[in-house]
Amino acid sequence: MFIYSLRANTIKFFGILCVALVALITLIAFLPSYEPDMAVAVTGDGAGTKSVSINYGKIKTNEDRIKFLEQFGWTVSADALQSEEVLIPAEFDKIFAGYNEIQKSQGLDLGKYKKKKLMRYTYEVTNYEGYEGKVLANILVYRGKVVGGDICSADADGFLQGFEK
């Protein structure tokens, strides 16, 4: 038969240790994952490739958003046609899942922003070649960082693509 006695100091020590462990686990669970503000895009026609740094962070003003689009070679209107707050749904339907596939193809993922409110800014693209209709650029911004977006036509039977030309 074994007899083990606990002193109050031992109980306090293990109590504090358990509380600290729970606090650490909670902190890790709620901290956002680190995502760099810069991404490297590799472009080329097969014969010669080049890498270009694209800045997705520090997007706070209208000028910042225009400069972001200029990194991809787009010329847009001086002011946004529309700016509104949008909510990313908790569950993606078929259409939104398809839209997120376009985001993933350009190194972004809206799945990380489910149930979050983002700002969407829409600009008119003035230098889209080979299309006669109105072309729009949409940028999704969360806490000063571009987390998604597209280039699309305003026509019902038009197109939708990522930022790359």
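Because the structure is predicted, anything quoted here is derived from the model rather than measured.

Draft legend 1. Representation of the overall build of the protein. Helix and strand counts for the protein stand at 3 helices and 7 strands. Moving toward the C terminus, one meets the helices and strands of the protein in the order α-β-β-α-β-α-β-β-β-β. Within the protein, the proportion of its 165 residues that are buried is 30%. Considering only contacts in the protein between residues 6 or more positions apart, those separated by 24 or more positions represent 51%. Of the roughly 11400 Å² that the protein leaves accessible, carbon and sulfur atoms contribute 58%.

Draft legend 2. Region of interest: the pattern of salt bridges. Across all of its chains, the model carries 2 salt bridges by this definition. The salt bridge partner of E84 is R120, with a shortest N-O separation of 2.0 Å. With E84 in strand β3 (residues 82–87) and R120 in strand β4 (residues 117–125), this residue pair connects regions lying 36 residues apart in the sequence. The partly exposed category is assigned to E84, whose relative accessible area is 29%. By relative accessible area, which is 24% here, R120 ends up partly exposed.

Draft legend 3. Highlighting the sheet that holds strand β5 (residues 135–142). Ordered by their spatial adjacency, 5 strands build an open sheet running β3-β4-β5-β6-β7, and the pairing between neighbours is antiparallel. Each having just a single partner strand, β3 and β7 (160–161) make up the two edges of the open sheet. Relative to β4, β3 is paired through 6 bridges, and the arrangement is antiparallel. Across the sheet, the residue bridging to S83 is Y121, located in β4. Against the sheet, helix α2 (residues 62–70) contacts β4, β5 and β6 (145–153), and its axis sits at roughly 65° relative to β4. Strands in contact with helix α3 (residues 94–105) are β5, β6 and β7; relative to β6, the strand with the most contacts, it is inclined by about 110°.

Draft legend 4. Spotlight on the nonpolar core. If you look at the biggest cluster of nonpolar residues, it comprises 20 residues, and the most contacted ones within it are F68, L69, V76, V146 and F163. Put simply, the parts of the chain that give this core at least two residues each are α2, β4, β5 and β6. Broken down by element, this core gets its largest block of residues, 4 residues, from β5. With near-sequence residues (within four places) excluded, V76 lies in contact with I66, L69, Y123, E124, V125, T126 and A137. Formed by 9 residues, the second largest nonpolar core is a distinct cluster that contains I88, Y99, L140 and Y142.

What counts and what doesn't
- Residues numbered from 1 in each chain as written.
- Predicted model: local features only at pLDDT ≥ 70, side-chain atom pairs only at ≥ 80, totals over all residues.
- Heavy atoms only, no water.
- Helix = DSSP H or I, 4+ residues; strand = E, 2+ residues; numbered from the N terminus.
- Buried < 20%, exposed > 50% of the residue type's maximum accessible area, 1.4 Å probe, protein only.
- Contact = heavy atoms within 4.5 Å.
- Areas by Shrake-Rupley, 256 points an atom, 1.4 Å probe, with all protein chains shown as cover.
- Salt bridge = Lys/Arg side-chain N within 4 Å of Asp/Glu carboxyl O.
- Pairing = 2+ DSSP bridges.
- Axes fitted to C-alpha atoms, helices over the stretch in contact; angles between N-to-C directions.
- Core = buried A, V, L, I, M, F, W, Y, C linked by side-chain atoms within 4.5 Å.

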